[in-house]
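# Examining the three-dimensional arrangement
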Amino acid sequence: MARFESADNRIFANMWICMKCNAKNRVSSGKKPDKCRKCNNKKLRLKRKAKKAGK
C-alpha cells in the first residue's frame, strides 16, 4: 500500500510516547512536552516510523 507524506506527518509529527505507560502525547508546537499527560513521567520519546518493506 502506498504511503503519503501528509498521512505520515499527521501520524508521526508532534507525537511523543511515554516510556512508562506508553501513552500518546500530542503537542501543537514542535517542542517536547514537559511530562506525560497520564502518569506525569518525564521520560518521553518520539514516535518511531515503521521501516519500509522491500529495500
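Since the model is a prediction, treat every value here as computed from it, not as a measurement.

## Remarks on the environment of N22
Tracing the backbone shows N22 in the loop between strand 1 (15-18) and strand 2 (24-26). Through-space distance from the C-alpha of N22 to that of K43 is 10 Å; in sequence the pair is 21 residues apart.

## As for the sheet that holds strand 3 (residues 44-46)
What the three strands build is an open sheet, ordered 2-1-3; its pairing is antiparallel. The sheet is open, and its two edges are formed by strand 2 and strand 3, each paired on a single side. Strand-to-strand twist in this sheet, taken as the mean axis angle between neighbours without regard to direction, amounts to 35 degrees. When strand 1 meets strand 3, the two strands line up antiparallel, connected through three bridges. Across the sheet, the residue bridging to W16 is L46, located in strand 3.

## Examining the confidence of the model for the protein chain
Per-chain confidence: the protein chain averages 85 in pLDDT, with 91% of residues scoring 70 or above. For the protein chain, helix 1 (residues 5-12) is the element with the lowest average pLDDT, namely 79, and strand 1 is the one with the highest, namely 94.

## Description of unusual backbone geometry
Phi is positive for N14, which is not a glycine, with a value near 60 degrees. With respect to the helices and strands, N14 occurs in the loop between helix 1 and strand 1. Even without a glycine there, the phi angle at N40 is positive, about 65 degrees. Mapped onto the elements of the fold, N40 is located in the loop between strand 2 and strand 3. N40 gets classed as partly exposed once you look at its relative accessible area, which sits at 49%.

Reading the values: the criteria
- Residues numbered from 1 in each chain as written.
- Predicted model: local features only at pLDDT ≥ 70, side-chain atom pairs only at ≥ 80, totals over all residues.
- Heavy atoms only, no water.
- Helix = DSSP H or I, 4+ residues; strand = E, 2+ residues; numbered from the N terminus.
- Pairing = 2+ DSSP bridges.
- Axes fitted to C-alpha atoms, helices over the stretch in contact; angles between N-to-C directions.
- pLDDT = per-residue confidence, 0-100.
- Buried < 20%, exposed > 50% of the residue type's maximum accessible area, 1.4 Å probe, protein only.

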